[in-house]
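Structural overview
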Amino acid sequence: SFSNGKDNVINEYNFIVIEGIIDTVGEIHHLLHQASVNKENYIIFCLGMTEEVKRTILENNKRGITNIFPICFDSTEENINVLNDIAVIHDCDIISAGKGQTVSQESRKKLPRGKSLTLHSDGFYVELLCSKEKIESHKKFLKERYENTDNEKNRVLIMKRHKKLFSKKISIYLPDQIKSNIEL
């Protein structure tokens, strides 16, 4: 956990971005197996997971079987698009049941690799994997959304997202309820 007050750096990690909640260990069975075989770092970005799934991951990590770091986001108005931003930064697609994908199927595939992610008490930094052009395109998209909405609350949320995309490392800040879901 973050009780040590230090940043925790995860280098060279496999990752998956899931638009949804992981309900059963069976959904990530292949990911767990692969992580136990290759002993590489894995990060799961998702909208949550059951206690059973969390417990399994944490127990396997404690025993030195895996190095899996779940980063779960609650579905709130403030972070509703955070998975989209993470996908842009990581230059990947989001796994979504809406596209007919399942976590089980997608975790069997070779997962993309990230360079560096630093967890800190307020959130995390991600070293960019996408091109400058992709970030600029995403910024332009956000700017257009900002200019085309009259809703002040939406404008504030869009502006916060836009500001995060201006550095070499992207900073994602976590609400307090999410911090408690991240355990190292």
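Residues numbered from 1 in each chain as written. Predicted model: local features only at pLDDT ≥ 70, side-chain atom pairs only at ≥ 80, totals over all residues. Heavy atoms only, no water.

1. Description of the overall build of the chain
- When helices and strands are tallied, the chain shows seven helices and seven strands.
- Across the chain, helices and strands are ordered from the amino to the carboxyl terminus as β-α-β-α-β-α-β-α-β-β-α-α-β-α.
- Buried residues in the chain amount to 45% of all 184 residues.
- Summarising the internal contacts of the chain: among those between residues at least 6 apart in sequence, 78% fall at separations of at least 24.
- As presented, the chain carries roughly 10000 Å² of accessible surface, and 48% of it is formed by carbon and sulfur atoms. (Helix = DSSP H or I, 4+ residues; strand = E, 2+ residues; numbered from the N terminus. Buried < 20%, exposed > 50% of the residue type's maximum accessible area, 1.4 Å probe, protein only. Contact = heavy atoms within 4.5 Å. Areas by Shrake-Rupley, 256 points an atom, 1.4 Å probe, with all protein chains shown as cover.)

2. Considering the side chain of Ser96
- Topologically, Ser96 is positioned in strand β4 (residues 95-96).
- Within polar-contact distance, the side chain of Ser96 engages the backbone nitrogen of Gly98 at 3.1 Å.
- Leave out the neighbours within four places in its chain, and Ser96 touches Glu19 and Gln101. (Polar contact = N/O pair within 3.5 Å; in protein donor to acceptor, adjacent residues only side chain to side chain.)

3. A closer look at the pattern of salt bridges
- In the structure shown here, the tally under the stated rule is six salt bridges.
- Among the salt bridges present, the one from Arg113 reaches Glu40, with a minimum N-O distance of 3.1 Å. Of the two residues, Arg113 is situated in strand β5 (residues 113-120) and Glu40 in the loop between α1 (29-38) and β2 (41-46); the sequence distance between them amounts to 73 residues.
- The class for Glu40 is partly exposed, based on a relative accessible area of 30%.
- Where Asp91 meets Lys134, a salt bridge forms, and the shortest distance between an N and an O atom there is 2.8 Å. A residue pair is termed long-range when its members are at least 10 positions apart, and Asp91 in the loop between α3 (82-89) and β4 and Lys134 in helix α5 (residues 132-147) qualify at 43 residues.
- Looking at Asp91, the relative accessible area reads 43%, which means it is partly exposed.
- For Lys134, a relative accessible area of 32% translates into the label partly exposed. (Salt bridge = Lys/Arg side-chain N within 4 Å of Asp/Glu carboxyl O.)

4. A look at the pairing of β5
- Of all eight residues in β5, six are buried; the element is thus mostly enclosed.
- As paired elements, strand β1 (residues 8-19) and β5 share six bridges and run antiparallel to each other. Bridging from a neighbouring strand, Val9 pairs with Thr118 of β5.
- With four bridges connecting them, β5 and strand β6 (residues 123-127) associate as antiparallel partners. Residue pairing for β6: His120 is matched across the bridge by Gly123.
- Hairpin remark: β5 followed by β6, antiparallel, with two residues in the connecting loop. (Pairing = 2+ DSSP bridges.)

5. Focus: unusual backbone geometry
- Its identity is not glycine, yet Lys39 carries a phi of approximately 55°, on the positive side.
- In this structure, Lys39 sits in the loop between α1 and β2.
- The class for Lys39 is partly exposed, based on a relative accessible area of 45%.
- Residue Asp91 is not a glycine yet carries a positive backbone phi of 55°.

6. Side note on the confidence of the model for the chain
- Overall, the predicted model of the chain reaches an average pLDDT of 81, with 82% of residues at or above 70.
- α1 holds the highest mean pLDDT among the elements of the chain, 96, whereas helix α7 (residues 176-179) holds the lowest, 38.
- A low-confidence stretch, residues 167-184 (pLDDT under 50), is modelled with 55 contacts involving residues beyond four sequence positions or located in other chains. (pLDDT = per-residue confidence, 0-100.)

7. Examining the environment of Thr102
- Mapped onto the secondary structure, Thr102 falls in the loop between β4 and α4 (103-108).
- Accessibility expressed as a relative area gives 37% for Thr102, which makes it partly exposed.
- Measuring from C-alpha to C-alpha, the distance between Thr102 and Ile18 comes to 9.2 Å, with 84 residues separating the pair along the chain.
- There is a polar contact of 3.0 Å between the side chain of Thr102 and the backbone nitrogen of Gln105.

8. Regarding the environment of Asn148
- Residue placement: Asn148 occurs in the loop between α5 and α6 (152-164).
- Among the polar contacts made by the side chain of Asn148, one reaches the main-chain carbonyl oxygen of Glu144 at a distance of 2.9 Å.

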